[in-house]
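Close look at the chain arrangement
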Amino acid sequence: MFKLNLKIAWRNLWKNKLYAFINISGLAIGLTAFVLLLLYVNYEESYDTWSPDLKDVYQVRAYHTYSSPDNRQYWQTSNESRIAALLKQNIPQISAITKVENDWYQNYALTVKGRKSLMVRGIRDADSAFFKVMPYRFLKGNGITALNKPKSIVLKKEVALRLFDTEDVIGKTISIVRWEGDALTDFTITGVVDEPVTPQSVNFSGIIRTGMFDKDDQHPSVHKYTEIYARLFSKADLNQLNENIRKVYTNNLKSTFINGQNSYADYLKSGNVPDCKLLPINEAHQNPPFTAGWTEKIKPVSLIVTFLLLISIINFINLATAQSFQRAKEVGVKKVLGSNKGLLMKQFLMETGLQSLFALLICGVLIELFLPVFNEQLDLHITFWSNQKLFFILLQLFGLFLIITLLAGFYPAKVLSNYKPATVLKGVFSNSHKGLALRNLLIVLQFVISVTLIIAIGIMQRQVSFMNQKDLGFDKSRVINISTNYNEKIAKEIRRVSGVQYVGSTTQVIGNTYAYADKINFKGKKLDLNMVTVTMEAFPALGIKPLQGRLFSSLYKQDTVNTVVLNESAAKALGGNVVGQQFRSYENVFQIIGVIKDYHAESFDKTIIPTIYKVTYLGGMSSNGNLLVRFNSDQYEGIIRKIEDVWKKYYPNYPMNYESLSHAFTNSLAENNRFMNMMIIFSVVSVSLSLSGLFALSTFVSKRRTKEIAVRKVLGASNMQIINLLNKSFLILVMVANLISWPVAYILIKKWLDGFVYRIDMPVLPFIMATITSVVIAVLTVSIQARKAAIANPVKSLKYE
């Protein structure tokens, strides 16, 4: 029986090749999108699962404002290093605790004697306990003793091979320049570790021990921030443990205010909440400090992909129910010969399963084709056939295959198996309306999804265009940002290079922002405002001009001592017209000399905060990692080469790293642009699938109404009247879908727009254009088949069946 049903299924597919192709290709595309989503979700969930010992490893997070982009408190991964000793001494459940330098995404120069220097990212300083907490697999050396001595380094396997072409490197020496002003420092290789099979939160190319983290400075005014990780003796009650940690942390924080200028009560009055906790390391990646986690970011994409798969299934059900009248005689004969309802349902489910299987096979090919593009769009390194979780993924695919087969095949199978043999064998089945209501409902749902996506594309393009064209408050053209602290000697030499207009520095510029809150007292009003240090030429280098008063100038000596410039937001917070007035910051009095326009140093989902700008002291020194160089020409590639020659004079062992502000601005929009590109791709595919389904469905409807059309033509109906007749039913459904999609699209897109502080108002035109587009395309699609039916010879049509 199975073999017979398989033959019937294959013959039926071959007989209806066009509709089978539409069904299978639609399912394959929907499955491909869904599988790519599954791969992404599995990749993100696999973070920090590379060792079973990680179940006892936790990340320490404290709740504070230091280094936050808007001076508000966040659960941060970068915390005061002295917290490590505090927890080790007071929490008995902790077996080991380690401090590791923050990942600055900085390239370090690694030199092996007799070989060319390599620039390597991810060389991180740690204390001796790092590998006692983090269970990396050592290929060479031992994790217990690897960092016992200062000036030790443990390399990842890939880096060892790049430097030495072998893993046998224990005892060899590497010379490292970590920052541009550093001298060459020799480190002895004490270990080589394997790259974990899944992604890791504590990513590195090499771990060094300089000795900087060996001791924690207990002086309250010293701030050394680092990442901290702890290993517990055994599984503990995390809630109770975190309650104890909170108490220990709070009591210690109170003690730091005893000799300070401010009291603990003032700290609380400012809205601060002291807190510290342990977070399981496998939850660290999905809970980043300042942005939404991947689970939040993937929600809109998941919704789109689900819609895409749903459209594929809708097409399948629509075509299957539309074909039901052609299969009615087959059902009638089989029932007369003794087939029961269960056997018939199994037969039709097998047909669906066969098509789903073909779609799954095509899906495997499409994944290999599109996975590189998918990885590039999301900056990932996902594989399919060589994936560590391939068995689990294949299990998910099998489950998806069963679900799709049941979803797409159950209702058509139920409709077909319910035909009464006496009725269909009399030939009255063709007027049956079985499945018509569901089919119409599914067409409406299909177009609701498609129209919603079209509206979304229109509004998103407007928002992206708004962000690209918005006045940033500074001129990003013809400016590069060199990753280095301000050095007056180097700045002077760079100024002498022909084509260089200004050389300045600031702690806050797009692409590299450092926020620091300063407490001020203005006319008895206490405020926390963002403090940014700049050099004299920082504003000219950014093309910023004063709205009120003046900017810093070397003509005024007091500018390097006690004058400040405010942005518009800060001026408003202080009352508006504040030029010439003074405020107190701790024991210092500052005079406001000017106000500048608010300028964007962060992406558009963050508001511009009230900011004070000041020159630190004579000479304009500022440790901030931003050296801004403005050129007087758009063709500045040759000028950069001359600046690099100046750089090599001072830092021969460390290459110059720089980025144009235009490129930094583009990078700030990269995530939104990637999301936009995915939206466009999935929307085009979903609309195409909807139209292909509509095309096939209109073909069946035309065939089903062949006699009716012939009779109407014989009675004098024109071709246009016939076309309008067939278009009418579909046009009503498309219009209903548009009416439903408007509020749906409004709610979804408004939620997306609300994620931007600076955004457009909800436009009406994309709604209107989406409706017109959907109606025109649907009418054209149906009209192609309607015209064929209209111009057919009525004599031949009346002989139909």
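Scope of this entry: the structure provided in the associated data block. All figures in this text were calculated on a predicted structure; none of them were measured in a lab. (Residues numbered from 1 in each chain as written. Predicted model: local features only at pLDDT ≥ 70, side-chain atom pairs only at ≥ 80, totals over all residues. Heavy atoms only, no water.)

A separate point is the overall build of the protein chain. Looking only at helices and strands, the protein chain has 23 helices and 27 strands in total. Buried positions account for 51% of the 801 residues belonging to the protein chain. Taking the intrachain contacts of the protein chain between residues at least 6 apart in sequence as the baseline, contacts between residues at least 24 apart amount to 80%. Counting every atom, the protein chain has about 37700 Å² of accessible surface; 58% of that belongs to carbon and sulfur. (Helix = DSSP H or I, 4+ residues; strand = E, 2+ residues; numbered from the N terminus. Buried < 20%, exposed > 50% of the residue type's maximum accessible area, 1.4 Å probe, protein only. Contact = heavy atoms within 4.5 Å. Areas by Shrake-Rupley, 256 points an atom, 1.4 Å probe, with all protein chains shown as cover.)

For the structure shown, the criterion picks out 21 salt bridges. The salt bridge partner of Arg82 is Glu80, with a shortest N-O separation of 2.5 Å. Across the pair, exposure class does not vary: Arg82 and Glu80 are buried alike. When the shortest N-O distance is used, the salt bridge between Asp754 and Lys750 registers 3.2 Å. Each of the salt bridges in this network shares a partner with another, and the network as a whole consists of Glu243, Arg246 and Asp275. (Salt bridge = Lys/Arg side-chain N within 4 Å of Asp/Glu carboxyl O.)

Judged by side-chain polarity, Trp742, Val764, Leu765, Ile768, Met769, Ile772, Val776 and Leu780 come together as a nonpolar surface patch covering roughly 710 Å² of accessible area. The leading source of residues in the nonpolar patch is helix H22 (residues 765-790), at six residues. Owing to a relative accessible area of 38%, Ile768 belongs among the partly exposed residues under this scheme. (Patch = residues over 30% accessible without salt bridge, like charges linked within 9 Å, V, L, I, M, F, W, Y side chains within 5 Å.)

Membership of the largest hydrophobic core comes to 95 residues, with the highest contact counts inside it found for Leu39 and Tyr613. One finds Tyr486, Ala491, Trp647 and Met656 within the second-largest nonpolar core, a separate group that totals 23 residues. (Core = buried A, V, L, I, M, F, W, Y, C linked by side-chain atoms within 4.5 Å.)

What follows is about the environment of Phe675. Its place among the elements puts Phe675 in helix H19 (residues 670-704). With 374 residues separating them along the chain, Phe675 and Val301 place their C-alpha atoms 7.9 Å apart. Discounting chain neighbours no more than four positions away, the residues touching Phe675 are Pro300, Val301, Met460 and Trp752.

A separate point is the packing of helix H14 (residues 488-496) against helix H17 (residues 637-650). The contact between H14 and H17 brings their axes to 10 Å, and the two run at 150°. In terms of orientation, H14 lies roughly antiparallel with respect to H17. As H14 runs across H17, the sense of the crossing is right-handed. On H17, the residues that touch Lys489, Ile490, Glu493 and Ile494 of H14 are Ile643, Val646, Lys649 and Tyr650. Per-class residue counts for the contact of H14 with H17 are five nonpolar, no polar and three charged. (Axes fitted to C-alpha atoms, helices over the stretch in contact; angles between N-to-C directions. Parallel < 35°, antiparallel > 145°, perpendicular 65-115°, else oblique. Left-handed = near helix turned anticlockwise from the far one by under 90°. Nonpolar A, V, L, I, M, F, W, Y, C, P; charged D, E, K, R; others polar.)

Before going further, it helps to examine the packing of aromatic side chains. The full count for this structure, using the stated rule, is 21 aromatic pairs. One aromatic cluster in this structure is built from Trp50, Phe130, Phe131, Tyr136, Phe138 and Phe204. Sitting over the ring of Phe204, Lys156 keeps its end group 4.3 Å from the ring centre. Cation over ring: Arg178 sits above Tyr108, and NZ or CZ is 5.0 Å from the ring centre. (Phe/Tyr/Trp six-rings, centres within 6.5 Å; stacked < 30°, edge-to-face > 60°. Lys NZ or Arg CZ within 6 Å of the ring centre and 35° of its normal.)

Looking now at unusual backbone geometry. Backbone geometry places Lys151, a non-glycine residue, at a positive phi of 65°. Within the secondary structure layout, Lys151 lies in the loop between strand S8 (138-141) and strand S9 (152-156). Despite not being glycine, Asp165 shows a phi value in the positive range, around 65°. The residue Asp165 is located in the loop between helix H5 (157-164) and strand S10 (173-177) in this model. A relative accessible area of 56% places Asp165 in the exposed class.

This part covers the environment of Glu180. Positionally, Glu180 belongs in the loop between S10 and strand S11 (185-193). Distance from Glu180 to Tyr654, taken between C-alpha atoms, is 5.7 Å for residues 474 residues apart in sequence. Sequence-distant contacts of Glu180, defined by excluding residues within four places in its chain, comprise Ser483, Thr484, Asn485, Trp647, Tyr651 and Tyr654.

It is worth spelling out the pairing of strand S24 (residues 588-596) at this point. Bridge count between strand S21 (residues 546-549) and S24: three bridges; the pairing is antiparallel. Bridge pairing links Pro546 to Ile596 in S24. Looking at chain direction, strand S22 (residues 563-567) and S24 are connected through five bridges and run parallel. Across the sheet, Val564 pairs through a bridge with Ile592, a residue of S24. For strand S23 (residues 582-585) and S24, the ladder comprises four bridges, and the chain directions are antiparallel. In the sheet register, Ser585 faces S24, and the bridge partner there is Asn588. (Pairing = 2+ DSSP bridges.)

Here Asn468 shows up in helix H13 (residues 436-469). Between the alpha carbons of Asn468 and Phe665 there is a distance of 8.9 Å; along the sequence they are 197 residues apart. Asn468 has contacts with Phe665 and Leu669, leaving out every residue within four places of it along the chain.

A few words now on the pairing of strand S15 (residues 479-482). In S15, alternate side chains face the same way, and those of Val479 and Asn481 on one face and Ile480 and Ile482 on the other are all buried. For S15 and strand S26 (residues 627-631), the ladder comprises four bridges, and the chain directions are antiparallel. Residue pairing across strands places Val479 opposite Arg630, the latter belonging to S26. Note that S15 and strand S27 (residues 658-660) share three bridges and pair antiparallel. From the neighbouring strand, Ile482 faces S27, where its bridge partner is Tyr658.

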